[in-house]
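In case you want the letters, here they are:
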Amino acid sequence: MEVDAPDIAGLYRRFAEIEARGSSATYERLCLAVADDAATLRLLATLPRGKRQPNLLLGALRLLGADVADPPAALAFAEKHAADVRSVMLARSTQTNEPARCSVLLPALARLPEPLAILEVGASAGLCLPYEQYTYVYDVGDQQVRIGDGVVALPCTAVDVPLPASVPQIAARLGLDANPLDAADPETAAWLRCLIWPEHTDRAQRLTAALTAVAADPPRVIQGLAPESLPDAIEQLRRQAPEATPVVVHSAMVAYLDRAARAEFGATCRELGVHRIGLEGAEPTRDLGVRVGPGEFGGRFLLTLDDAVLGHAHPHGRELVWLG
Ligand SMILES: C[S@@+](CC[C@H](N)C(=O)[O-])C[C@H]1O[C@@H](n2cnc3c(N)ncnc32)[C@H](O)[C@@H]1O
C-alpha cells in the first residue's frame, strides 16, 4: 500500500497543475494539499487503481458535505469519514454528462442525410441524446445564431463552422452505457452535480435544467459495453428506423477504453457500415484509427466524422473551431 503513495501524490499534483490550474483554483489548491497529506494518500492506496482519480475523490467529498474550498478542513473530513469516502468512491464513477457537447456535435450530425438514427455510446444519463430539447446559441463573430427552440439554452462560440439551419430530424435514438443513469433519480442528479467543478456555475445550472427536461421524457439508455455491444444496439436501431442514417456518436467516452478496445471500436463502426461522430481527446482519437496530425491540441477535444477531423473544441462544448 505504501509503495503506491508516491504515484498517487504525483497523480494529484499533475491534476492540480495541468487540469485544474486555470479552471478551478479550489481543486488546484485541494489536490496539491492531498498530494502532501499522508492520511488521504493512505486512504486512496486502499482503493483499486481505477478508483483513485481526483475527480472521484473530489465528487465524493462534496457529496458527503465536505468544504472543498478549505483544504485543511476537507482533509480532516476525509480522515474522519474515511469509510464513507471510500464507499462512495467504490460505488460511483466519473460519469459527467455535459449537454453542452450537443452544440459541438450538432454541426457534424447535420452533414449526414436525414433522418438520423443515433446510437450514443457512453450515454451516462442520456443528456446528449435529446437534441430537440435544447436551443443552440452560437456566437459567430459579433453575431448570434440561434438554432432550435428547446427549453435549455446551450451557448457556444463557433469559429468558421458551417452551421445548419435547423436541428436534424432524428427518427430513432438509443443510448448505450456500461452503467446507465436515471436522470429522474435525485441521488443520481446530486452525484452528477458534484462532478461539476465548483467554479463552473453555468454548467451546474445547465445540468439541473437538462436533468429536469430529460427526466420528463427520458431517451432509452441500455446497459452494454463498447465495442462488443455495438452490433446488437445498431441492429435495434436499424429495426426501429430502417430508412434512417445510422450513426454512432460518442463524447468523452473513448478515454475509458484501453488502446486495443479503442482500435476495435473504430473498426467495428467501419464493419457495421455506420457513420461515427466522435468528440474526444487527440490521443484516444488517434487510437480509433483516425489520422490526426502530431501534437496534443492543448487539451482540446477533436470533432471527427468517420475518419475525418472536422474541428477542435473546448472539452465541455463552450467553443468549436472548424478545420474543414
Ligand atoms: C464522461 S461520461 C460522458 C457522457 C456523455 N457522453 C457526455 O459527453 O456527457 C463517459 C460515459 O462512458 C461510459 N462508459 C465507459 N466505458 C464504457 C464502455 N466500454 N461501454 C459503454 N459505456 C462506457 C461511462 O459509464 C460514462 O457514463
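Model, not experiment: these values are computed from the prediction.

S.K.: Run through the overall build of the protein, naming residues and quoting values.
M.R.: When you go through the protein residue by residue, the secondary structure sums to 12 helices and 11 strands. Dimensions of the protein, computed from C-alpha atoms along their principal axes, come out at roughly 60 × 45 × 40 Å. For the protein, the residues scored as buried account for 45% of the 324 residues in total. For the protein, the proportion of contacts with a sequence separation of at least 24, taken over those separated by at least 6, is 68%.

S.K.: With reference to specific residues and values, describe helix α7 (residues 101-109).
M.R.: Counting buried positions along α7 yields 9 of 9 residues, so the element is predominantly enclosed. Those residues of α7 not exposed but buried are Arg101, Cys102, Ser103, Val104, Leu105, Leu106, Pro107, Ala108 and Leu109.

S.K.: Can you tell me about the site of the ligand, naming the residues and giving the values?
M.R.: In the vicinity of the ligand lie 21 residues, with Gln95, Gly122, Ser124, Ser251 and Tyr256 positioned nearest. When its residues are assigned to classes, the shell around the ligand shows 10 nonpolar, 8 polar and 3 charged.

S.K.: Could you give an account of the packing of helix α1 (residues 5-20) against helix α2 (residues 25-35), naming the residues involved and the relevant values?
M.R.: Packing of α1 against α2 brings their axes to within 8 Å, and their N-to-C directions diverge by 165 degrees. Compared by their axis directions, α1 and α2 come out roughly antiparallel. Judged by the twist between their axes, the crossing of α1 over α2 is left-handed. Residues Ala9, Tyr12, Arg13, Phe15, Ala16 and Ala20 of α1 pack against Tyr27, Glu28, Cys31, Leu32, Val34 and Ala35 of α2. Taken together, the residues of the contact of α1 with α2 break down into 10 nonpolar, no polar and 2 charged.

S.K.: A description of the sheet that holds strand β3 (residues 143-147) should follow, citing residues and the corresponding values.
M.R.: The 11 strands are arranged β3-β2-β4-β11-β10-β9-β8-β7-β1-β5-β6 in an open sheet whose pairing can be described as mixed. Two strands bound the open sheet, and with one partner strand each, they are β3 and β6 (221-223). Each neighbouring strand pair of the sheet contributes to a mean axis angle of 25 degrees, computed without reference to strand direction. By the bridge criterion, 5 bridges tie strand β9 (residues 301-305) to strand β10 (residues 308-313) in an arrangement that is antiparallel. The residue bridging phenylalanine 301 from the neighbouring strand is alanine 313, located in β10.

S.K.: I'd like a rundown of unusual backbone geometry, residues and numbers included.
M.R.: A cis amide bond links glutamate 114 to the next residue, proline 115, at an omega of -5 degrees. Backbone torsion omega between alanine 226 and proline 227 reads 0 degrees, so that peptide bond is classified as cis. Along the polypeptide, proline 227 turns up in the loop between β6 and α10 (230-240). With a phi angle near 55 degrees, serine 124 is a residue other than glycine that sits in the positive phi range. Along the chain, serine 124 turns up in the loop between β1 (116-121) and β2 (134-140). Unusually for a residue other than glycine, aspartate 160 sits at a positive phi of about 60 degrees. With respect to the element layout, aspartate 160 can be found in the loop between β4 (152-159) and β5 (170-177).

About the cut-offs
Along each chain, the written sequence defines residue order, and numbers are assigned to residues from 1. Note on the predicted model: pLDDT of at least 70 is required for a residue's local features to be given, and 80 or more for side-chain atom pairs to be given and counted; whole-chain, interface and lining totals, by contrast, use all residues. Secondary structure counts use DSSP, requiring at least four H or I residues in a row for a helix and at least two E residues in a row for a strand, with both numbered from the N terminus. Burial is judged by counting the other C-beta atoms within 10 Å of a residue's own C-beta: 20 or more makes it buried, 12 or fewer makes it exposed, and any count in between marks it as partly exposed, with every C-beta position built from the backbone. Residues are defined as contacting one another if the C-beta atoms placed from their backbone atoms lie within 7 Å. A molecule or strand has a residue near it when that residue's C-beta atom, placed from backbone coordinates, lies within 6 Å of it. Throughout this entry, Asp, Glu, Lys and Arg are counted as charged residues, while Ala, Val, Leu, Ile, Met, Phe, Trp, Tyr, Cys and Pro are counted as nonpolar. The remaining residues, Gly among them, count as polar. Helix axes are fitted to C-alpha atoms over the stretch in contact, other axes to C-alpha atoms as well, and angles between N-to-C directions run from 0 to 180 degrees. Angle categories: roughly parallel below 35 degrees, roughly antiparallel above 145, roughly perpendicular from 65 to 115, and oblique for all the rest. Here a crossing is taken to be left-handed if its near helix is turned anticlockwise relative to the far helix by less than a right angle, and right-handed if that turn runs clockwise. Here a strand pair is declared whenever DSSP counts at least two bridges between the two strands.

All quantities given are derived from atomic positions and should not be read as evidence of function.
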